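Now for the letters of each chain:
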Amino acid sequence: MSRLSELLRQVALKDQRLAADLKRETDALAERRSFGLNFERHVPEAVELPGRPVRKNDKVRCLPPRGETPTAENERLWRVDSVYTEDGQRGANIVSMDDAAEERSVAVDDLVVVAEFRDPIYPGLVSTGKVERGGPDKPYHTVINSENYHALQALLFTHRGKVDAIYIDPPYNTGNEGWIYNDRYVSDDDLYKHSKWLAFMERRLQLAKDLLKPSGVIIVAIGDEEHHRLRMLLDQVFDSNNFLANVTWQGSGKNDAKYTAGGVDYMLMYAADSAALVESGRVWREPKPGIDTVLELAAAVWKTSGHDAERATKVFRAELRKIRSELEPAVYRYDQIDTHGRVFQPDNLTSPNPRPNLAYELIHPSTGKPVETPKNGWRYAADTMAGLIASDRILFGPDETTRPRFKRFLSEQEERVPYPTFVQARMPGSKHVEGILGDGRFPNPKDYRVLARWLGAVAPADAVILDYFAGSGSTAEAVMRLNEEDGGTRRCVLVTNNEVAAKDARGLRKDGLRQGDPDWEAKGVYEYVAKPRVMTVVSGIRSDGSAYSEGLEQNVEFFKLTYEAPLRVSTNREFTKIAPFLWLRAGSRGRRIDDISSGWDVADAYGVIADLDQSEQFLKAMDDAPSVTHAFIVTDEDRLFEAMVRRLPAHVEPVRLYEAYLRNFEIEAGRAAR
């Protein structure tokens, strides 16, 4: 490394930019682990921003002519030296950022702005629609159209340390999915396909980790191709001590396979901090499958039997045998109905260990004689046993010669610890999404019922749940249906880009379309799949106006991430695009403040002030609104900000605009460059 350092010093004397690039590479080598998962970081990853206005000093790429496939020439990076208008047409003078130092003049319409992940970005959000059926007291779910790395950076301003659970279903890197790295499809014969995938995942996992609460949990779905590498990567990012489970889902299989049927998916689960998760007291539980069916059957039998316990039990057992194959042993063993119509199974009343205070005389209620006391004594103390007898929880035999048993009720055994292996066909999940959208426009969507099962187990009923590989929107449906079932107030934040499938992209290019054109964007996964699916599930009305269902009593809003100029942000000229971030940071509930032309405003959850000469009115309004949790104060002066903070209610979090906002993205860009 010392020899490399000396060479770098010599290079720096001639070419500082080249020296900086070489230093990043050597630093990466120096930081590489001697043991563990090693891979190329492939710096820098970049993303194209179609629709973003071209400005001086922007990094850009030249788009291919319409109807043509991109080539290596279209991957070159250029810097915009100037933007001009000539004969009514906008053009740009650009300079190549490689060794060629080439200059060109091109039409602005033939350029696309590029953001490298070491570059600071200043995002905004523009609403693209909403469905409000949950009323003012329920929070909003959020769906964002964005490249997910930049969306995660943006969410660090709104949700840092606030997310209870993250579920992601990233590309499986099978070679036939056509997943995109650095705005280009990665082919199966790419020698770096595994390290590109790992670099792609690592950057996003590191940001995701900062979004989780200390007691939070991340769930990452994966297939066989990258399972072993992903586990090692998660060990490195989250620490192997925070590993929780490797859930195995058998969703399909091939009878003509040579060795095994395959069809297995995995869900790797990690805690942000396992000690904090334990301290939170959170335990994972789920309803026992089939328990509702059995209880409903018992209620019907009890009614038709005329409340005759013996007759009801006989009929109940006969009916249970018909559906036994559909039930777990922990459910169908409850095969008796008592004189109150309660389903139970008899259980042992003997103490597991000998204890003198549990060895007492128990009198048979019919014969008046004591039953035989077990060698270790009874399971319950005498006063507890008396209470159980009074509530008819002890099942005595015909006389004292039969040892009594405890009635364990099925209604008290509704939950279980989730099993880490399960079998559930995937096909119904695909059919479900087809039913919502009217066709099979999205391959292999995750079944929302599987996601609801696990999210319901690992996260509380008021959880914030994030999915930044949202695809068709299964996570949103899972969270909303959980809320409908148990009255929860979970909020989900979904991020999905508007990527067009490789096959569709080829057809669109033949038609002379390219990324950024309205007809191209209309076929992207956000516009074509996720947004219409979520809107249909909530509203009950499909995009074509046909009825799908009664809908859900939930609120959801859709946004597009934009890229703003920092000077316009810092001078308060882009407030409408920053406003959704303030609302999200305050919990995405109640009215959003989209306009502060009057100088200040206070909504249900937060307040914003830009004219500090009106601080008295603002502070009074904050005092009169006990539900507010945040105050956003627009000022460049430390003294004025501190004076406002001192006068705010103690429970209100003060946030300085636009310093806190701008600084968030500058710090994250610096971290990405390392």
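Every value quoted in this text rests on a predicted model; they were computed, and no experiment measured them.

Draft legend 1. Structural context of the packing of helix α11 (residues 427-437) against helix α16 (residues 525-539). With their axes 9 Å apart at the nearest point, α11 and α16 run at an angle of 80° to one another. Overall, the two elements α11 and α16 adopt an arrangement that is roughly perpendicular. Here His432, Val433, Ile436 and Leu437 of α11 come into contact with α16, specifically with Val529, Pro532, Arg533, Thr536 and Val537. The residue makeup of the contact of α11 with α16, split by class, is six nonpolar, two polar and one charged.

Draft legend 2. Seen up close, the sheet that holds strand β18 (residues 394-395). A sheet is described by the order of its strands in space; here four strands give the open sequence β16-β17-β19-β18, paired in antiparallel fashion. Here the strands that pair on one side only, and so sit at the sheet edges, are β16 (336-337) and β18. Strand direction decides the pairing type here: strand β17 (residues 343-347) and strand β19 (residues 405-409), joined by four bridges, are antiparallel. From the neighbouring strand, Pro346 faces β19, where its bridge partner is Lys407.

Draft legend 3. Representation of the pattern of salt bridges in the model. If you walk through the whole model with that rule in mind, you get 49 salt bridges. Of the charged contacts in the structure, one is a salt bridge between Glu412 and Arg393, with a shortest N-O distance of 3.0 Å. Linking Glu412 in the loop between β19 and β20 (415-416) with Arg393 in the loop between α10 (382-390) and β18, this pair joins segments that are 19 residues apart in sequence. Across the pair Arg449 and Asp447 runs a salt bridge, and its minimum N-O distance is 2.8 Å.

Draft legend 4. Layout of the nonpolar core. Core analysis: the biggest nonpolar cluster contains 135 residues, and Met201, Leu205, Met267, Tyr468 and Tyr661 have the highest contact counts within it. Here the element with the most residues in this core is helix α4 (residues 193-211); it accounts for nine residues. Setting aside residues up to four positions removed in sequence, Tyr661 forms contacts with Tyr122, Pro123, Gly124, Phe157, Val569, Ile578, Phe581 and Arg656. One finds Val301, Trp302, Leu320 and Leu327 within the second-largest nonpolar core, a separate group that totals 18 residues.

Draft legend 5. Focus on the packing of aromatic side chains. Per the counting criterion, the structure on display carries 13 aromatic pairs. Between Phe157 and Tyr661 the ring centres are 5.7 Å apart and the planes differ by 85°, which places this aromatic pair in the edge-to-face class. Pair noted here: Phe157 is in helix α3 (residues 148-159) and Tyr661 is in helix α21 (residues 659-673), with a separation of 504 residues, a long-range link. The two residues Phe157 and Tyr661 agree in class, both being buried. An aromatic cluster is built from Tyr140, Phe559 and Trp583, whose rings are joined through pairwise contacts. When the ring centre of Tyr419 is taken as reference, the NZ or CZ atom of Arg416 above it lies at 4.3 Å. Between Arg592 and the ring centre of Trp583, over which it is positioned, the NZ or CZ distance is 4.9 Å.

Draft legend 6. Looking closely at a negative patch on the surface. Side chains of Asp292, Glu296, Glu414 and Glu415 sit close together on the surface and give a patch of like negative charge. Its location among the elements puts Glu296 in helix α7 (residues 291-304).

Draft legend 7. Examining the environment of Leu410 more closely. Mapped onto the elements, Leu410 comes out in the loop between β19 and β20. Separated by 39 residues in sequence, Leu410 and Val371 place their C-alpha atoms 27 Å apart. Residues contacting Leu410, with those up to four places away along its chain left out, are Ile291, Val294, Leu295, Tyr334 and Val343.

Draft legend 8. Representation of the sheet that holds strand β25 (residues 600-602). Read from one edge to the other, the open sheet built from four strands follows the order β25-β26-β27-β28, with strand pairing classed as mixed. Sheet topology places β25 and β28 (653-657) at the edges, where each strand pairs with a single neighbour. Between one strand axis and the next, the sheet turns by 15° as a mean value, whatever way the strands run. Where β25 meets strand β26 (residues 606-609), three bridges bridge the pair, whose relative direction is antiparallel.

Draft legend 9. The arrangement of unusual backbone geometry in detail. Omega for the peptide link from Leu657 to Tyr658 comes to 10°, which places this bond in the cis form. Tracing the chain through its elements places Tyr658 in the loop between β28 and α21. In this structure, Asp392 takes a positive phi of about 60° despite not being glycine. Looking at where Asp392 falls in the secondary structure, it is placed in the loop between α10 and β18.

Draft legend 10. Structural view of the pairing of strand β3 (residues 78-86). Judged from the two bridges that link them, strand β2 (residues 59-62) and β3 form a sheet pairing that is antiparallel. Residue pairing in the sheet places Val60 in a bridge with Trp78 of β3. Bridging between β3 and strand β4 (residues 89-96) involves eight bridges; their strand directions are antiparallel. Opposite Val80, over in β4, you have Ile94 as the bridge partner. In this structure, the hairpin formed by β3 and β4 is closed by a connection of two residues, where Asp87 is found at a positive phi of approximately 55°.

Draft legend 11. Up close: the packing of helix α13 (residues 474-486) against α16. Taken N-terminus to C-terminus, the directions of α13 and α16 make an angle of 20°; their axes are 9 Å apart at the nearest point. As the angle between them shows, α13 and α16 are arranged roughly parallel. Pair α13 / α16 crosses with right-handed handedness. Judged by residue contacts, Ser474, Ala476, Glu477, Met480 and Arg481 of α13 engage Arg533, Val534, Val537 and Val538 from α16. Taken together, the residues of the contact of α13 with α16 sort by class into five nonpolar, one polar and three charged.

So, how was this worked out
Residues numbered from 1 in each chain as written. Predicted model: local features only at pLDDT ≥ 70, side-chain atom pairs only at ≥ 80, totals over all residues. Heavy atoms only, no water. Axes fitted to C-alpha atoms, helices over the stretch in contact; angles between N-to-C directions. Helix = DSSP H or I, 4+ residues; strand = E, 2+ residues; numbered from the N terminus. Parallel < 35°, antiparallel > 145°, perpendicular 65-115°, else oblique. Contact = heavy atoms within 4.5 Å. Nonpolar A, V, L, I, M, F, W, Y, C, P; charged D, E, K, R; others polar. Pairing = 2+ DSSP bridges. Salt bridge = Lys/Arg side-chain N within 4 Å of Asp/Glu carboxyl O. Core = buried A, V, L, I, M, F, W, Y, C linked by side-chain atoms within 4.5 Å. Buried < 20%, exposed > 50% of the residue type's maximum accessible area, 1.4 Å probe, protein only. Phe/Tyr/Trp six-rings, centres within 6.5 Å; stacked < 30°, edge-to-face > 60°. Lys NZ or Arg CZ within 6 Å of the ring centre and 35° of its normal. Patch = residues over 30% accessible without salt bridge, like charges linked within 9 Å, V, L, I, M, F, W, Y side chains within 5 Å. Areas by Shrake-Rupley, 256 points an atom, 1.4 Å probe, with all protein chains shown as cover. Lys, Arg positive; Asp, Glu negative; His and termini not counted. Charge placed at Lys NZ, Arg CZ, Asp CG, Glu CD. Left-handed = near helix turned anticlockwise from the far one by under 90°.

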